[in-house]
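Each chain, written out:
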Amino acid sequence: MIPSQRHLFDIPEDIAYLNCAYLGPLSHAVVAAGREASGRKSRPWEIGSEDFFTETEVARALFAGLINAGDDDVAIVPAASYGVSVAARNLPLAKGQTVVVLAEQFPSNVYAWRESANGAGARVIAVPRPEHGDLTRAVLDSVDERTAVVALPHCHWADGALLDLETIGRRCRELGAGLVLDVTQSAGVMPLDVKRIQPDFLVAACYKWLLGPYSIGFLYVAPHRQDGKPIEFNWRARLGSENFSGLVNYEDSYLPGAHRFDVGECANFQTMPAIIAALRQIRDWGVPAIAQTLAARNAGIAERAAALGLESLGAERRAGHFLGLRFPREIPGGLLEELRQAGVYVSVRGDSLRITPHLYNDDADVDRLMHALQQAVN
Ligand SMILES: Cc1ncc(COP(=O)(O)O)c(C=O)c1O
């Protein structure tokens, strides 16, 4: 169990920030790295051509380490939606085929499939939340020989409902269907091993649970998909691009591995040192220890919320770092504003009050939340 890491963050005592699934805060170290990086761009004569290729590789390797991928299996992307667009370009659909997603899944892993399905005469099937509560079983019941792609998260972004991706991955391989994962709401806080799950593509934006800056993410591309087509064609992704004086000797071959899918200007001098600092912090804490600590934090909140009549998915059905509280009737109007007035920051997603702590939270935050909820339900 990791003790509260609040001292590493700029969060005042009277703020209970329990909304990491919305935006993760930057730590002091990440802010410092970003400041220094911005300063560096004010002295461009200090930035050499090799700098376009060094920090990117450090960041790539750090993300690869979180998901047990090879360093070169990871591309640098600006958003989850970009990564899913790469996947959709490389997993073409045919008439009559299906793409399976969850009902009310986050749109970044939905719109590209709707677009692709519309063009091909294929269908996107949204799996509703089943009465029996087992989302994995519901997904397995929705895939068949027509399924071309299964596009999922590790846990639902509204209430953390959990999927068994290893089992789903196995079924996808039996059917010959592609598996495309958006793990923006779980990377860095839930252990995940691409060697076990074997997705075709997996993407995560960095600005939530990875506690990094906005506009950067990582795309894992399985080795057997690495000869695919990027969605844009930038000079840096080509073989020999480190030789700046030779760039107009146009080159048809790409850099090895997943590098061909890197977004243009991926060597972002202002952002890259900050994301490296953020990923190093996650690595040093360790994902299993983060997961265990956040699960215990949420278990405590769930127990106290239950005493107020607020229900949540049982620990076996949801990701430990997520808690979606359901009110006996609907969520009281003005609740979020009331909580905000009390210094409590959470979200409403679907019919859940979404509580998403990270290691900067402490017991006082939980007391503040519970006190404010008690006032609201009375
Ligand atoms: C599951 C999930 N994926 C992705 C994102 C962000 O998507 P993008 O990086 O495409 O803006 C969010 C934001 O809330 C999310 O909840």
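Residues numbered from 1 in each chain as written. Predicted model: local features only at pLDDT ≥ 70, side-chain atom pairs only at ≥ 80, totals over all residues. Heavy atoms only, no water.

Enquirer: Describe the sheet that holds strand β12 (residues 352-355), naming the residues involved and giving the relevant values.
Expert: Picture the strands of a sheet paired through backbone hydrogen bonds; they go either parallel or antiparallel. Taken in spatial order, the three strands make up an open sheet running β9-β12-β11, and their pairing is antiparallel. Of all strands in the sheet, those bounded by a partner on one side alone are β9 (323-325) and β11 (347-349). The sheet shows a mean angle of 40 degrees between the axes of neighbouring strands, direction not considered. In terms of strand pairing, β11 meets β12 through three bridges, oriented antiparallel. Across the sheet, residue S347 finds its bridge partner in β12, namely R354. Against the sheet, helix α9 (residues 287-307) touches β9 and β12, its axis set at about 10 degrees to β9. (Pairing = 2+ DSSP bridges. Helix = DSSP H or I, 4+ residues; strand = E, 2+ residues; numbered from the N terminus. Axes fitted to C-alpha atoms, helices over the stretch in contact; angles between N-to-C directions. Contact = heavy atoms within 4.5 Å.)

Enquirer: Describe the pattern of salt bridges, with residues and values.
Expert: This structure, assessed with the given rule, holds 21 salt bridges. In this structure, R6 and E13 form a salt bridge, with 3.8 Å as the shortest nitrogen-oxygen distance. Across the salt bridge formed by R60 and D262, the nearest N and O atoms sit 2.9 Å from each other. With a gap of 202 residues between them, R60 in helix α2 (residues 55-67) and D262 in the loop between β8 (217-221) and α8 (272-285) connect regions that are remote in the sequence. When sorted by exposure, R60 lands in the same class as D262, which is buried. (Salt bridge = Lys/Arg side-chain N within 4 Å of Asp/Glu carboxyl O. Buried < 20%, exposed > 50% of the residue type's maximum accessible area, 1.4 Å probe, protein only.)

Enquirer: Requested: an account of the nonpolar core, with residues and values cited.
Expert: Residues F63 and W113 are the most contacted members of the largest nonpolar core, which totals 95 residues. Top contributing element to this core by residue count: α8, with eight residues. Contacts of W113, omitting those with residues within four sequence positions, involve V84, A87, A88, L91, L93, V99, V124, V149, A151 and V180. Counting residues in hydrophobic clusters, the runner-up holds 21 residues, among them L18, L323, L353 and A376. (Core = buried A, V, L, I, M, F, W, Y, C linked by side-chain atoms within 4.5 Å.)

Enquirer: Report on the site of the ligand, specifying residues and quantitative values.
Expert: Around the ligand, the surrounding shell consists of A79, A80, S81, F106, S108, W157, D182, T184, Q185, A205, Y207 and K208. Between the ligand and D182, the relevant distance is 2.6 Å, taken from a nitrogen atom to a side-chain nitrogen or oxygen of the residue. In isolation the ligand exposes 400 Å². Once the protein is present, 88% of that is buried. A majority-of-atoms criterion places the ligand in the largest pocket. (Near = heavy atom within 4 Å. Polar contact = N/O pair within 3.5 Å; in protein donor to acceptor, adjacent residues only side chain to side chain. Areas by Shrake-Rupley, 256 points an atom, 1.4 Å probe, with all protein chains shown as cover. 1 Å grid on protein atoms, 1.4 Å probe; cavity = no way out; pocket = protein on both sides within 12 Å on 5 of 7 lines; lining within 4 Å. Sits in = over half its atoms within 2 Å of the grid points.)

Enquirer: Which residues make up the pairing of β8, and what values go with them?
Expert: Counting buried positions along β8 gives five out of five residues, so the element sits mostly inside the fold. Here β8 shows two buried faces, one formed by G217, L219 and V221 and the other by F218 and Y220. Two strands pair when backbone bridges link them, and strand β2 (residues 74-77) and β8 are joined in this way by four bridges, in the antiparallel orientation. Considered in β8, the bridge of I76 is made with F218.

Enquirer: Could you give me a rundown of the layout of surface pockets, with the residues and numbers involved?
Expert: For the largest pocket, the calculated volume is near 370 Å³. Along its surface, the largest pocket is lined by 28 residues, and F106, S108, T184, Y207 and K208 are the ones closest to its centre. Residues that form the lining of the largest pocket fall into these classes: 14 nonpolar, 10 polar and four charged. (Points joined across faces, edges and corners; volume = space filled by probe spheres on them. Nonpolar A, V, L, I, M, F, W, Y, C, P; charged D, E, K, R; others polar.)

Enquirer: Please provide a residue-by-residue account of the state of the cysteines, values included.
Expert: Under the counting rule described, the total for this entry stands at zero disulfides. C20 takes part in no disulfide bond, and the closest cysteine sulfur, belonging to C155, lies 12 Å away. Judged by relative accessible area, which is 0%, C20 ranks as buried. With no disulfide of its own, C172 lies closest to C155 among cysteine sulfurs, the gap being 18 Å. Relative accessible area serves as the criterion here: at 3%, C172 is assigned to the buried category. (Disulfide = S-S within 2.5 Å.)

Enquirer: For the packing of α2 against α8, give the residues involved together with the corresponding values.
Expert: Two elements in contact, α2 and α8, have axes separated by 9 Å at closest approach and are oriented at 30 degrees. It follows that α2 is roughly parallel to α8 by the angle criterion. Considering how the two elements wind past one another, α2 and α8 form a crossing that is left-handed. For the pair α2 and α8, contact is made by E55, T56, V58, A59, L62, F63 and L66 and by M272, P273, I275, I276, L279, R280, I282 and R283, respectively. Among the residues making up the contact of α2 with α8, the classes are represented as 11 nonpolar, one polar and three charged. (Parallel < 35°, antiparallel > 145°, perpendicular 65-115°, else oblique. Left-handed = near helix turned anticlockwise from the far one by under 90°.)

Enquirer: How would you sum up α9? Please name residues and give values.
Expert: Helix length check: α9, at 21 residues, gives a terminal C-alpha distance of 30 Å against a target of 30 Å (1.5 Å per residue), a fit within 8%. Residues of α9 that are buried sit in contact with α2, α8, β9, β12 and α11 (363-377). (Expected span 1.5 Å × (residues − 1).)

Enquirer: Just give me the short version of a nonpolar patch on the surface, but keep the residues and values in it.
Expert: On the surface, a cluster of nonpolar side chains totalling about 330 Å² of accessible area is made up of Y22, L23 and Y214. Inspection of the secondary structure assignment puts Y214 in the loop between β7 (201-205) and β8. (Patch = residues over 30% accessible without salt bridge, like charges linked within 9 Å, V, L, I, M, F, W, Y side chains within 5 Å.)

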